[in-house]
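A closer look at the structure
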Amino acid sequence: MALISADRERFPNTPWQLVETRHDPGSEGTLETLFALGNGHLGIRGAHWAAADADLPGSFINGLHEIWDIKHAENAFGFARTGQRILYIPDANNFTVILDGEPLSLAESEVLDYRRSVDFSTGVYECRVTWQCRSGAVVTTTEQRAVGFATRGALGISLEVATDRDVSVDVTSSLINRQDQPVEDHSVHDPRRAGRHAGRVLLPLRLDGGDGSLRLAWEAAESKQRVGVAVDHWTSAGHQPFETLVDQDDSSVRYVLAVGPAEPFRLEKSVSYAAGPAIQDPSVDPAAAAEEGLRSVAEIFAESEAHYRDYWASSDIVVHGQSELQQAIRWNLFQLAQATARADVAGIPAKGVTGSGYEGHYFWDQEVYLLPYLTYTNPDGARQVLEFRHGMLPDAKVRAKELSVDGALFPWRTINGLEASAYYAAGTAQFHIAAAIAFAANRYVWATEDTGFRDGMGAELLIETARMWISLGFFGKDGLFHIHGVTGPDEYTAVVNDNLYTNVMARFNLRAAAALEHDGISHEERQLWEAAANRMQLPFDDRMQVHSQDNDFMTLEPWDWATPRDKYPLLLHFHPLVIYRHQVLKQADTVLAMFLQWQDFTAEEKHRAFDFYDPLTTGDSTLSACVQGIMAAEVGYSREALEHFTNAVFIDLDDTHGNTIDGVHIASTGGVWSSLVCGFAGLRDQGPVPYFDPRLPLEWDGLAFHLKIRGRLLLVELETGAILLTLREGEALEVNVRGEQLTVGAEPVKVALEPVLQPDPTVFPSGHPTASIPVVRVQE
């Protein structure tokens with residue numbers, strides 16, 4: 001199902017904006033995600049201001065959640081006990097506009113002209129509609145929104161009403177508690193979607209208002225987390241409110257006035273939220289804390305513009321000669337900024353702050369798919385995410401003891417540090433999250449040379465995860481180190497023995513910990529880690545001459561690839577046990593291991609693994625296309641690399657997985673960044689020096705981006721047959737390009753590149769038809 005790429009009249013190709021020029025009913029919820037705004041802390045969906053025109057409106061604060069006791073139909077020791085779900089915070093994006101007695105809405109009114117956009121260069125949302133009113137008046141409403149950055153809890157909204165004649169205008173601006181509105185629980189139909197709470201969640205602490213101002217606060221019934229909000233209104237010509245009403249679920253400020261063609265009516269709504277540890281003290285008034293963050297709408301807009309001016313100066317990625325892809329790439333990069341910029345010491349939800357999908361949980365996504373982007377564009381932000389993980393160590397140590405292992409066992413999905421996955425086979429069994437955290441910490445130290453983090457929190461993360469691995473696994477009779485009863489990234493094969501990805505990443509984890517100079521590591525412990533790493537079992541199928549995803553994967557029954565496309569994703573149409581006993585993948589698993597641990601496998605091993613596993617991968621996971629594209633590029637399959645990349649870059653823009661309504665797939669947007677930097681530019685890290693092996697698609701004229709690395713700002717430019725490297729900031733940097741060691745300084749260093757030859761596809765004893773979901777074909 002295509003959306004943006006399928007109708008370029010409605011969604012024109014503009015390099016710095018996402019634009020909609022015509023309102024068509026049917027895709028409101030998806031577009032609310034695509035037009036959302038956020039800063040990593042606060043997010044607001046891109047819903048229209050009229051209630052009749054919104055599908056799934058709402059606003060969110062990262063980490064603000066409710067908890068409940070998980071009720072298992074059949075209980076067992078160690079099952080997750082506490083559910084966690086992100087909350088809809090009281091939502092400020094609500095207006096009712098009545099012109100000469102006619103309520104305006106896209107659903108009921110006559111529209112003469114329509115245009116809405118989100119501007120990547122400024123972070124400003126704008127929707128302008130010209131209405132033909134029943135009274136004969138032609139009226140144009142213009143709404144603009146932006147979130148703050150220096151003041152991360154701030155939101156600015158303006159609404160202007162202009163008319164061609166004298167009219168009576170009745171405008172109500174509302175703050176609505178959507179969390180406690182009765183709505184359908186969609187999670188019963190799709191486990192990827194967020195559920196709803198049965199009872200009331202937000203309990204009022206303070207409800208004050210008057211003269212166009214609101215000061216309100218609530219407390220979550222079970223988690224006891226609190227949120228405060230302060231709202232001020234300003235109008236052109238100093239119009240006073242007709243009334244100000246305060247309620248726990250719907251507070252409003254109303255203006256009734258006459259408007260003529262000479263002077264449009266402009267209403268500005270400044271909103272400030274306060275949430276988090278600072279306001280949990282009962283002596284603190286959350287509404288008063290929110291009030292301290294109030295800024296004028298003009299100040300909030302200026303903050304947003306300043307932030308994106310700096311952001312794009314070093315974070316833009318330019319693809320020359322591919323205008324359609326360029327817009328999509330910038331939209332993905334814009335989403336990365338919106339999900340991370342002011343998250344501060346917090347996790348990054350799988351949907352950022354654009355929706356409630358996956359219930360606002362933090363997964364391994366942030367370490368494997370998002371921290372590469374953060375490490376090389378915003379290293380301070382990467383450090384803060386790792387600090388947040390480090391803050392979970394006490395709970396992770398308790399969880400480890402509960403599962404009879406040493407060290408620390410981090411939760412598979414969580415908000416507050418406790419395991420929230422009720423289905424252990426695809427949750428707790430994914431022990432590989434421990435190695436993901438260790439890997440991200442090691443990459444951050446390698447890329448930044450942050451010795452303080454390396455010797456402190458970073459060392460603790462590596463040591464405690466290594467202790468978990470050494471106690472989880474065992475030395476078998478064959479003398480090899482085995483790790484049994486785990487689930488790898490591919491959730492279509494669960495609770496297996498010696499999952500290759502898990503073992504490869506555990507080996508890395510053990511070696512990285514053993515290499516530390518740290519007083520907390522004994523000589524015996526270091527030797528044990530090294531022995532386990534050196535003797536790690538890596539399943540290999542002698543008949544296929546390819547690494548096996550786990551010890552038994554090659555014995556499974558092949559999937560029936562005649563299964564109709566409307567039966568995908570398989571998880572929504574087949575019982576897990578049906579899927580588990582077949583050779584079918586939700587996402588790249590072995591292929592991902594070979595990308596992350598690139599130095600541990602030969603080119604031939606990577607080639608054969610890609611050829612074998614790519615046809616078995618359904619792409620039911622949005623984490624898959626980017627990795628498949630990266631490895632296709634390394635292997636030399638230029639066409640397949642570009643197809644997988646195009647699939648990844650349009651996952652949300654075209655709603656190819658059918659659940660973009662619940663929020664942006666933020667890990668996939670991080671994968672888009674990695675596809676460009678690690679796939680087509682061929683960056684590999686954590687070796688002696690940064691290593692580049694470019695794979696520029698033949699269809700592209702060039703590719704350019706910056707990397708913040710070891711205190712430098714490196715400009716990387718690819719053109720047909722060459723790579724140019726230039727330091728924009730910092731001292732000279734050693735790099736390696738296809739085996740040639742170079743010193744890069746302020747003057748460009750140009751290296752000629754020979755074309756990459758495409759290998760002949762591997763022929764296996766029994767071939768497999770491709771399982772790839774048809775990709776979006778971009779036409780210039």
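Everything numeric here is computed off the predicted structure, so don't read it as measured data. (Residues numbered from 1 in each chain as written. Predicted model: local features only at pLDDT ≥ 70, side-chain atom pairs only at ≥ 80, totals over all residues. Heavy atoms only, no water.)

Focus on the overall build of the protein
- Scanning the protein for helices and strands turns up 17 helices and 34 strands.
- Its C-alpha atoms give the protein a radius of gyration of 27 Å, near enough to 28 Å, the size a compact globule of 780 residues would have.
- Put simply, 67% of the contacts in the protein that link residues at least 6 apart link residues at least 24 apart.
- Element-wise, carbon and sulfur atoms account for 50% of the exposed surface of the protein, whose accessible area totals about 28,200 Å². (Helix = DSSP H or I, 4+ residues; strand = E, 2+ residues; numbered from the N terminus. Rg over C-alpha atoms; globule rule 2.2 N^0.38 Å. Contact = heavy atoms within 4.5 Å. Areas by Shrake-Rupley, 256 points an atom, 1.4 Å probe, with all protein chains shown as cover.)

Examining the packing of aromatic side chains
- Under the counting rule described, the total for this entry stands at 31 aromatic pairs.
- With 6.1 Å between their ring centres and 50 degrees between their planes, tyrosine 255 and phenylalanine 265 make a pair best called tilted. With tyrosine 255 in strand β18 (residues 250-259) and phenylalanine 265 in strand β19 (residues 265-275), this pair connects stretches of sequence that are ten residues apart.
- Members of the aromatic cluster, each reached through a chain of ring pairs, are Trp16, Phe120, Phe149, Tyr308, Tyr311, Trp312 and Phe334.
- One cation-aromatic arrangement involves arginine 145 over tyrosine 125; the distance from NZ or CZ to the ring centre is 3.9 Å.
- The aromatic ring of phenylalanine 95 is capped on one face by lysine 269, whose charged end is 4.8 Å from the ring centroid. (Phe/Tyr/Trp six-rings, centres within 6.5 Å; stacked < 30°, edge-to-face > 60°. Lys NZ or Arg CZ within 6 Å of the ring centre and 35° of its normal.)

Some remarks on the nonpolar core
- Formed by 220 residues in total, the largest nonpolar core has its most connected members in Trp364 and Leu703.
- Other than its neighbours up to four places away in sequence, tryptophan 364 contacts Tyr369, Arg389, Trp412, His432, Ile433, Ala436, Pro489, Tyr501, Gln587, Leu592 and Leu623. (Core = buried A, V, L, I, M, F, W, Y, C linked by side-chain atoms within 4.5 Å. Buried < 20%, exposed > 50% of the residue type's maximum accessible area, 1.4 Å probe, protein only.)

Looking at the sheet that holds strand β30 (residues 712-719)
- Taken together, five strands build an open sheet; the order of strands is β20-β29-β30-β31-β34 and the sheet is antiparallel. Of all the strands in the sheet, just β20 (318-320) and β34 (749-752) have a single pairing partner and so form its edges. Taking the axes of each pair of neighbouring strands and ignoring which way they run, one obtains an average angle of 20 degrees across the sheet.
- Looking at chain direction, β20 and strand β29 (residues 702-709) are connected through three bridges and run antiparallel. When the bridges of β29 are listed, valine 319 appears paired with leucine 703. (Pairing = 2+ DSSP bridges. Axes fitted to C-alpha atoms, helices over the stretch in contact; angles between N-to-C directions.)

Focus on the pairing of β29
- Within β29, seven of the eight residues are buried, leaving the element largely enclosed by the surrounding structure.
- Across eight bridges, the pairing between β29 and β30 is antiparallel. For glycine 702, the partnering residue across the bridge sits in β30 and is glutamate 719.
- In this antiparallel pair of consecutive strands, β29 and β30, the connection spans two residues, and arginine 710 shows a positive phi of 55 degrees.

Focus on unusual backbone geometry
- With an omega dihedral of 0 degrees, the bond running from tyrosine 568 to proline 569 counts as a cis peptide bond.
- Positionally, proline 569 belongs in the loop between β25 (557-558) and α12 (576-580).
- Despite not being glycine, aspartate 100 shows a phi value in the positive range, around 50 degrees.
- Within the element layout of this structure, aspartate 100 appears in the loop between β7 (91-99) and β8 (102-103).
- A positive phi angle, near 65 degrees, is found at glutamine 686, a position not held by glycine.
- With respect to the secondary-structure elements, glutamine 686 resides in the loop between β27 (683-684) and β28 (691-692).

A short note on the sheet that holds strand β3 (residues 42-44)
- In spatial order, the strands read β2-β3-β4; together these three strands make up an open sheet with antiparallel pairing. Where the open sheet ends on each side, the last strands, each with one partner, are β2 (37-38) and β4 (59-61).
- Relative to β3, β2 is paired through two bridges, and the arrangement is antiparallel. Bridging from a neighbouring strand, glycine 38 pairs with glycine 43 of β3.

Thoughts on the pattern of salt bridges
- Scanning the model with the defined rule gives 43 salt bridges in all.
- For the salt bridge of arginine 467 with glutamate 464, the shortest nitrogen-to-oxygen distance reads 3.1 Å. In this pair, arginine 467 and glutamate 464 are both assigned in helix α9 (residues 451-472), three residues apart and thus about one turn of the helix distant.
- With relative accessibility at 21%, the residue arginine 467 sits in the partly exposed group.
- Across the salt bridge formed by glutamate 640 and arginine 639, the nearest N and O atoms sit 2.9 Å from each other. (Salt bridge = Lys/Arg side-chain N within 4 Å of Asp/Glu carboxyl O.)

Things to note about the side chain of arginine 399
- Positionally, arginine 399 belongs in helix α7 (residues 393-402).
- Judged by relative accessible area, arginine 399 falls into the buried class, the value being 10%.
- Not counting chain neighbours up to four residues away, the residues in contact with arginine 399 comprise Gly78, Leu409, Glu419 and Thr428.

Topic: the confidence of the model for the protein
- Confidence in the prediction for the protein averages 95 pLDDT; 96% of positions are at 70 or higher.
- Confidence drops under pLDDT 50 across residues 767-780; counting only partners more than four residues distant or on other chains, this segment forms 38 contacts. (pLDDT = per-residue confidence, 0-100.)

So, the state of the cysteines
- Under the counting rule described, the total for this entry stands at zero disulfides.
- Free of any disulfide, cysteine 133 has its nearest cysteine sulfur in cysteine 127, 15 Å distant.
- Sulfur of cysteine 626: no disulfide; nearest cysteine sulfur belongs to cysteine 678 and is 10 Å away.
- Owing to a relative accessible area of 2%, cysteine 626 belongs among the buried residues under this scheme. (Disulfide = S-S within 2.5 Å.)

Here's the deal with α9
- The first and last C-alpha atoms of α9 sit 30 Å apart over 22 residues, in line with the 32 Å expected at 1.5 Å per residue.
- Between the side-chain oxygen of the N-cap and the backbone nitrogen of glycine 452 there are 3.3 Å, and the N-cap of α9 in question is aspartate 450. (Expected span 1.5 Å × (residues − 1). Polar contact = N/O pair within 3.5 Å; in protein donor to acceptor, adjacent residues only side chain to side chain.)

Describing the packing of helix α6 (residues 379-391) against helix α8 (residues 433-448)
- Put simply, α6 and α8 touch, their axes get as near as 11 Å, and they point 145 degrees apart. Relative to α8, α6 is oriented so that their crossing is left-handed. Only Ile433, Ile437, Ala440, Ala441, Tyr444 and Thr448 of α8 make contact with α6, whose side of the interface consists of Pro379, Ala382, Arg383, Leu386 and Arg389.
- Here the contact of α6 with α8 is built from residues that sort into eight nonpolar, one polar and two charged. (Left-handed = near helix turned anticlockwise from the far one by under 90°. Nonpolar A, V, L, I, M, F, W, Y, C, P; charged D, E, K, R; others polar.)

Some details on helix α14 (residues 603-613)
- Buried residues dominate α14, accounting for eight of its eleven residues.
- Those residues of α14 that sit buried are Lys606, His607, Arg608, Ala609, Phe610, Asp611, Phe612 and Tyr613.
- The elements touched by buried residues of α14 are β24 (546-547), β26 (582-583), α13 (590-596), α15 (624-635) and α16 (638-649).

Let's talk about the pairing of strand β16 (residues 226-235)
- Of all ten residues making up β16, eight are buried, and the element is well covered by its neighbours.
- Here strand β15 (residues 213-220) runs beside β16; their pairing, made up of six bridges, is antiparallel. Of the residues in β16, the one forming a bridge with glutamate 219 is arginine 226.
- The turn joining β15 and β16, which pair antiparallel and follow one another in sequence, is formed by five residues; a positive phi near 65 degrees is taken by lysine 224.

Focus: the packing of α8 against helix α10 (residues 500-514)
- Packing of α8 against α10 brings their axes to within 9 Å, and their N-to-C directions diverge by 50 degrees. Classified by the interaxial angle, the pair formed by α8 and α10 is oblique. Remark: the crossing between α8 and α10 carries left-handed chirality. On α10, the residues touching Ala434, Ala435, Ala438, Phe439 and Asn442 of α8 are Met505, Ala506, Phe508, Asn509 and Ala512.
- In terms of residue class, the contact of α8 with α10 is made up of eight nonpolar, two polar and no charged. (Parallel < 35°, antiparallel > 145°, perpendicular 65-115°, else oblique.)

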